[in-house]
Amino acid sequence: MADEDGARVDALVDELMAEHPPTSTPDVEFWGAQYDMGLAWVWHPEGFGGLGLPRRYQTQINERLEERGASIENRYTNLLGIAMGAGVLDAHATDDQKRRWLRPMFTTEEIWCQLFSEPGAGSDVAGLATRAVKDGDEWVVNGQKVWTTLAHVAKWGMVVTRTDPQVPKHQGLTYFIVDMKAPGVDVRPLYQITGEAEFNEVFFNDVRIPDADRIDAVGAGWRVAVTTLMNERVAIGGGGMPRESGYIGQAMEVWRDTGATDPVQRDRLLHLWAEAEAARLTAGRANEMASAGTPGPEGSTGKLAWANLNKEITDFTLDLMGLDGTLYPNGYHLTRPERFRVHGPQKAFLRTRANSIEGGTSEIMLNIVGERVLGLPGEPRVDKDVPWVEVPRG
C-alpha cells in the first residue's frame, strides 16, 4: 500500500539520520549510507541504491534530509552521473555493472561525463563518426567528441561510438563506459563566454575499452543514447528543484537587495515567478510520474521551457541591477571549474545563452514535441535508411 510505503521510507530516513547525523558525518560517508539504505534513487531495485518504489517518494526523502541539513552537493558535483548515468545503468546495465559503478557515482568518489556531440554531429547525434573496432575482448576507439562538460575531472565517460558503418546511422552505434584516465584519452579545454572552460573537447587515439564496459548489445547504442538524452532533458528541465531556487530565486534576491519599487518591474517579476513555478511543478510532476528507465517526451517540453525562461529571467535581473549588471564583481578570469554551480547574475546571464543549445537545441526540442506529443508529421529524413558510409558529408 502507498501509505505503508511512505511510512517505510520515513522510518528508513529516521534510521539514516540517527546512525549518521548529517551535520556531523562526512558527506561521502553519509551519501554511502544513504545509498546502502536504498534512499539514493528510491525507484531503483533493492541493492542498487533503491527500494523498488515509485519515484515520488524520492521527493519525500530529499525534503526530509534537506530539512535536517544533509548535503545535496553530490547532485551538482556529479550531476551528469547522478541525473543521467544512473538512469542509463538502471535501464540497460548488467547487475555486475551496477554494483561496480552506482555507489561511487552517488558518493562522488567517481565523477562522470557524457561524450556524444562531435564537430560533425551535434543535434544529429546519430550521425557521429567516432569508431570502435573489436579486438579480442577489447574495442579500439578513435575519434573526437566536443562540448563534453567536466571531462577534465571525470573518471568515467558515457560514450557512443560507430561500430558498423555499413548499416543506417541509428543501427550501427554501440554504447560504452570509458575510463577517462585511460591511455589515449586527450582532454582539452573549451573556454566559454563566461570565462570558464566547463566544456571540453576530447580526442580518442587508439583508446582500448574492455567489452565488459559495453552497455547493452552491440548495435543497441542509439536506444541507450535516447535514455541518456531523455534523462538529461529532465535534469535541465528543472525536475526536483525547490521553490524559488535557481535563477528566479536570484532575481527575487536582487529585487529585495536593490529595494526596487517600480510597478512595471514588479509586474514583470511576478509574471516570471509564476512562469518559473508553473515550469517547476510541471517538471516535478513529469519526473515523479515517469516509470523506471527512459523518461517520456515531457523532459523535452520542460527543457524547452526552461531554456527560454532562464534567458528571460537573467536578462530581467541585469535590468534590475542597472550599470552594476555590466561588471564582473571579481574580474573576468579564465578558469576550469570542477562542479556545476549557480553563478552570480552577470555570469548567469552569459551562461544561460547555452541553455537553448546544450542537451539538444530548442529547434530539436520543438520537433520532438511536435512529433511525439502533438502527433504531427515527422521531418523529412532522407538518410534514415541509407548506410552511414554512403551518406554524403561536406
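Peer 1: Can you walk me through the overall build of the protein chain in this structure?
Peer 2: Of the regular secondary structure elements, the protein chain holds 12 helices and 8 strands. For 394 residues, the compact-globule estimate of 2.2 N^0.38 gives 21 Å, and the C-alpha radius of gyration of the protein chain, at 22 Å, lies within 12% of that figure. Dimensions of the protein chain, computed from the C-alpha atoms along their principal axes, are close to 65 × 50 × 45 Å. Looking at the protein chain as a whole, 51% of its 394 residues qualify as buried. At a minimum sequence separation of 6, the contacts of the protein chain that also span at least 24 residues come to 72%. With an accessible surface of roughly 18200 Å², the protein chain has 53% of that area assigned to carbon and sulfur atoms. Taking the 40 positively charged and 57 negatively charged side chains of the protein chain as two groups, their mean positions are separated by 3 Å.

Peer 1: So what exactly am I meant to see when it comes to the environment of V28 here?
Peer 2: You can see V28 is positioned in helix 2 (residues 27–36). The spacing of V28 and P54 is 26 residues in sequence and 25 Å in space, taken between C-alpha atoms. Apart from the residues within four sequence positions on either side, V28 is in contact with T107, T108 and E109.

Peer 1: Before we go on, may I ask you to explain the nonpolar core in this structure?
Peer 2: Where a protein is soluble and globular, its nonpolar side chains tend to be buried together. Formed by 48 residues in total, the largest nonpolar core has its most connected members in W41, Y175 and I215. Core analysis: the next-biggest nonpolar cluster, separate from the first, contains 21 residues, L80, C113, M180 and I209 among them.

Peer 1: In this structure, what is going on with the environment of R75? I would like to understand it.
Peer 2: Looking at the element boundaries, R75 is found in helix 4 (residues 74–77). Between the C-alpha atom of R75 and that of F106, which follows or precedes it by 31 residues, the distance is 8.2 Å. With near-sequence residues (within four places) excluded, R75 lies in contact with N62, E66 and I82. Side chain to side chain, R75 and E66 meet in a polar contact 3.1 Å long.

Peer 1: Could you clarify how one ought to interpret unusual backbone geometry in this entry?
Peer 2: Keep in mind that most residues, glycine aside, have a negative phi and that most peptide bonds are trans. Even without being a glycine, T108 presents a positive backbone phi close to 70°. On the accessibility criterion, T108 (17% relative accessible area) is buried. Non-glycine residue D216 carries a positive phi angle of around 70°. Relative to the helices and strands, D216 resides in the loop between strand 8 (214–215) and helix 7 (221–236). The exposure class of D216 is partly exposed, given its relative accessible area of 21%.

Peer 1: It is not clear to me how the packing of helix 2 against helix 6 (residues 95–106) should be interpreted in this structure. Could you clarify?
Peer 2: Helix packing geometry: the angle between the two helix axes and the distance between the axes. It is at 8 Å that the axes of helix 2 and helix 6 come closest, and there the two elements cross at 135°. For the element pair helix 2 / helix 6, the angle class is oblique. Contact residues: helix 2 offers W31, G32, A33, Q34, Y35 and D36, while helix 6 offers K98, L102, R103 and F106. When its residues are assigned to classes, the contact of helix 2 with helix 6 shows 5 nonpolar, 2 polar and 3 charged.

Peer 1: I'm lost on the pattern of salt bridges in this one. Help?
Peer 2: If the charged atoms of two oppositely charged side chains come close together, the side chains can form a pair. Applying the stated criterion across every chain, the model contains 25 salt bridges. In this structure, E198 engages R351 in a salt bridge whose closest nitrogen and oxygen atoms are separated by 2.7 Å. Here R351 lies in helix 11 (residues 345–351) and E198 lies in the loop between strand 6 (185–190) and strand 7 (199–210), a separation of 153 residues in the sequence. Residue E198 shares its accessibility class with R351, and that shared class is buried. Linked through salt bridges whose partners overlap, the residues forming this network are D10, D14 and R64.

Peer 1: How should I be thinking about the packing of helix 5 (residues 79–92) against helix 6 in this particular structure?
Peer 2: As a packed pair, helix 5 and helix 6 sit with axes 10 Å apart at the nearest point and diverge in direction by 165°. Relative to helix 6, helix 5 is oriented roughly antiparallel. For the element pair helix 5 and helix 6, the recorded crossing hand is left-handed. Note on element contacts: helix 6 touches helix 5 through K98, W101, L102, M105 and F106, opposite G81, I82, G85, A86, L89 and D90.

Peer 1: In this structure, what is going on with the pairing of strand 7? I would like to understand it.
Peer 2: Within a regular beta strand, the side chains point alternately toward one face of the sheet and then the other, so they alternate between its two faces. Relative to strand 7, strand 3 (residues 138–145) runs antiparallel, the two being bridged by 7 bridges. Across the sheet, residue E138 finds its bridge partner in strand 7, namely P210. As paired elements, strand 6 and strand 7 share 6 bridges and run antiparallel to each other. Among the inter-strand pairings, P189 is bridged to a residue of strand 7, identified as N200.

Peer 1: Which parts of the structure should I look at to understand the packing of aromatic side chains?
Peer 2: Tallied over the full model, the rule gives 8 aromatic pairs. Taking 6.1 Å as the distance between ring centres and 90° as the angle between the ring planes, the aromatic pair formed by F116 and Y175 counts as edge-to-face. Of this pair, F116 sits in the loop between strand 1 (112–115) and strand 2 (131–135) while Y175 sits in strand 5 (residues 173–179), and the two are 59 residues apart along the sequence. Between the aromatic rings of W147 and F199, the centroid separation amounts to 5.9 Å while the plane-to-plane angle is 75°, which identifies the pairing as edge-to-face. With W147 in the loop between strand 3 and strand 4 (156–162) and F199 in strand 7, this pair connects stretches of sequence that are 52 residues apart. What makes W147 exposed here is its relative accessible area of 52%. The exposure class of F199 is buried, given its relative accessible area of 8%. An aromatic cluster is built from Y35, W41 and F106, whose rings are joined through pairwise contacts. The ring of F203 carries R188 above its face, with NZ or CZ at 4.1 Å from the centroid. Over the ring of F349 we find R353; its NZ or CZ atom is 4.3 Å from the centre of that ring.

Criteria and cut-off values
- Residues numbered from 1 in each chain as written.
- Predicted model: local features only at pLDDT ≥ 70, side-chain atom pairs only at ≥ 80, totals over all residues.
- Heavy atoms only, no water.
- Helix = DSSP H or I, 4+ residues; strand = E, 2+ residues; numbered from the N terminus.
- Rg over C-alpha atoms; globule rule 2.2 N^0.38 Å.
- Buried < 20%, exposed > 50% of the residue type's maximum accessible area, 1.4 Å probe, protein only.
- Contact = heavy atoms within 4.5 Å.
- Areas by Shrake-Rupley, 256 points an atom, 1.4 Å probe, with all protein chains shown as cover.
- Lys, Arg positive; Asp, Glu negative; His and termini not counted.
- Charge placed at Lys NZ, Arg CZ, Asp CG, Glu CD.
- Core = buried A, V, L, I, M, F, W, Y, C linked by side-chain atoms within 4.5 Å.
- Polar contact = N/O pair within 3.5 Å; in protein donor to acceptor, adjacent residues only side chain to side chain.
- Axes fitted to C-alpha atoms, helices over the stretch in contact; angles between N-to-C directions.
- Parallel < 35°, antiparallel > 145°, perpendicular 65-115°, else oblique.
- Nonpolar A, V, L, I, M, F, W, Y, C, P; charged D, E, K, R; others polar.
- Salt bridge = Lys/Arg side-chain N within 4 Å of Asp/Glu carboxyl O.
- Left-handed = near helix turned anticlockwise from the far one by under 90°.
- Pairing = 2+ DSSP bridges.
- Phe/Tyr/Trp six-rings, centres within 6.5 Å; stacked < 30°, edge-to-face > 60°.
- Lys NZ or Arg CZ within 6 Å of the ring centre and 35° of its normal.

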